[in-house]
Amino acid sequence: MRADSLRRVSLRAAALGYLAVLLLLPVGMVFWRTLEPGVGAVLASVTTPAAISALSLTLLAAAIAVPLNAVFGIFAALALVRGRFRGKAVFDALIDLPFAVSPIVVGLALLLVFGRNGWFGDWLADHGIQVIFSVPGIVLATVFVSLPFVAREVAPVLREIGSEQEQAAATLGASSWQTFRRITLPSIRWAVAYGVVLSTARAIGEFGAVSVVSGKIAGETETLPLLVEKRFQNFDLAGAYAASALLAVIALATLLGMTLLNSRRTRT
Amino acid sequence: MSVAVPQPRVRTRPVSNRTGLLPLGVATLWLSLIVLLPLAAVVLRSTEGGAEAFITSVTGAQAVSALRFTLLISLLVAGVNAAAGTLIAWVLVRDSFRGKSLVHAVIDLPFALPTIVAGITLLALYGPASPVGVNVSFTQIAVLMALLFVTLPFVVRSVQPVLLELDEQMEEAAASLGASAPTIFRRIILPNLVPAILSGSALAFSRAVGEFGAVILLSGNIPFETQVASVYVFKQVESDNLGGAAAVSTVLLLLSLIVLLGIRGLERLGSRHEG
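Attention here is on the structure that accompanies the text. Along each chain, residue indices are assigned from 1 in the same order as the chain's sequence is written. Here every chain gets a letter starting at A, and every ligand a number starting at 1, in the order they are written. For a predicted model such as this one, the threshold for reporting local features is a pLDDT of at least 70, and the threshold for listing and counting side-chain atom pairs is 80 or more; totals across whole chains, interfaces and linings nevertheless cover every residue.

**Concerning the overall build of chain A**
- For chain A, the count of helices and strands is 13 helices and zero strands.
- Element order for chain A, N to C, with α for helix and β for strand: α-α-α-α-α-α-α-α-α-α-α-α-α.
- A principal-axis box enclosing the C-alpha atoms of chain A has dimensions of 80 × 65 × 30 Å.
- When the 268 residues of chain A are sorted by exposure, 47% land in the buried category.
- Any pair of residues counts as being in contact when their C-beta atoms, constructed from backbone geometry, are within 7 Å of one another. Sequence separation of 24 or more characterises 76% of the internal contacts of chain A that already satisfy a separation of 6 or more. What counts as a helix is a DSSP run of H or I of at least four residues, what counts as a strand is a run of E of at least two, and both are numbered from the N terminus. Burial is judged by counting other C-beta atoms within 10 Å of a residue's own C-beta: 20 or more means buried, 12 or fewer means exposed, and anything between counts as partly exposed, with every C-beta placed from the backbone.

**Things to note about the interface of chain B and chain A**
- Contact residues are listed per partner, giving 70 residues for chain B and 74 residues for chain A.
- The element that contributes the greatest number of residues to the side of chain B that touches chain A is helix 2 (residues 21-46) of chain B, accounting for 14 residues.
- Along the lines of polarity and charge, the residues of the side of chain B that touches chain A split into 54 nonpolar, eleven polar and five charged. Side-chain classes are defined by residue name, with Ala, Val, Leu, Ile, Met, Phe, Trp, Tyr, Cys and Pro counting as nonpolar, Asp, Glu, Lys and Arg as charged, and the others, Gly among them, as polar.

**Thoughts on unusual backbone geometry**
- Although it is not a glycine, A:Phe133 adopts a positive phi angle of roughly 60°.
- Along the chain, A:Phe133 falls in the loop between helix 6 (121-126) and helix 7 (135-145).
- The phi dihedral of B:Phe138 is positive, around 65°, even though this residue is not glycine.
- One can find B:Phe138 in the loop between helix 7 (115-126) and helix 8 (140-165).
- Under the C-beta neighbour-count criterion, B:Phe138 is labelled partly exposed, with 18 such atoms within 10 Å.

**A word on the environment of B:Ala82**
Residue and element names in this part refer to chain B.
- Positionally, Ala82 belongs in helix 4 (residues 61-94).
- For the pair Ala82 and Val156, spaced 74 residues apart in sequence, the C-alpha separation works out to 8.7 Å.
- Ignoring sequence-local partners within four residues, the contact set of Ala82 consists of Val155, Ile197 and Ser201.

Rendered as structure tokens:
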């Protein structure tokens, strides 16, 4: 029995040690370094005009991308689980593609389509629309990288609840919209919420894809993660830490939301 | 046991025939516009100069070195995750200690934390201003740590549910027959976990191959040493060599596709075991 408990404790120590060295100590260190110059300095550093404009651009991109992807996610999950069509396996795999593609490749792809020498470059220039090095490009990049989350959360729930209730509603004469609103939507709402939280986190934190298409114009096309990098490269460590801490706080709020939603989901 | 009872053949018309087309249409349109069209542009751009130009781009010394380093370090990341992730999942499921629910919540932190913050975070502790006197910045170790940070949850989250559902009776039976704990783990538990470990590691691998934000600050981007493929592509874009960037990107895309299809195969394998 003694060997058993020794083994248990050493496994626990190894797991917690790995987590501490890789995750907890570094994150704790960032908060420590952030607060070192005092709370006043931190607040001043995250309320400069550049920081405020970066935060609002980040939130704007997320506010556009997340609802669009939520609608897409519900449609995609419905098609995937309830639909019957050829090429379903391909469709299924393609939904996951944004998870597997490097953010840099995403940025390059948008550049090749919407950039000056891209597919639609001339047409966009003729109509005075700027996508690359401008807000629409940032939004497109954000939409791309946060695309699969809602679909991936909703699909398993749809599969689990089955289609019997929906069929019953349809037999009783409900229109497909009524069936969706009264039967399907209430049962997938927690999955949708969970997916929305995940995609919001990803949308707010996206760096690589956005950094290719943004042009990094301070006060205009600079998102909060880009500001972190710029401050770091300019040796403004305190400023970089403060902006990082702001993002980390958003991440922790996301985590809290995930934990709460998870317990909610398992209960119902 | 199985007595064949002739089933009355009732053809039920799926409801989906009424509702299925609109969702499919909208979803396909969105997917094509946002994802497929841009990615097609990358592949087409990489072949624009003919096969020769493509091959020249991806066999340049710096490109080859970046791709090789990315591939090797991602394999290492997948391997470390297979072990560490399984260990953490094991401790979370089978062990009990104070603060376990906190650890549980913290596992997902790398998914929630922006990647650039992950890089800053590691630099704060293991960078030039390290309070513990460890400075790994601009080394391959730094790249490894950054990738391990961002891929931490994959294996834990894929192994955990399987471990939770594992029937402990098998282990009890083995123990009563005199098997030691390591033997039980190796012969009974591990075989059941293998599909989950593999698919979690494959996800970690594919994430590591493409990772950019966490690496950019830590790696120092030293060609032939710490330059990963995504940073190489970024540098090509910055110096306006879009053809070269597209060629290496196409290689990365192919790699992600292979891994994605591999994971599908593993999942199918896993569900066959269940059924």
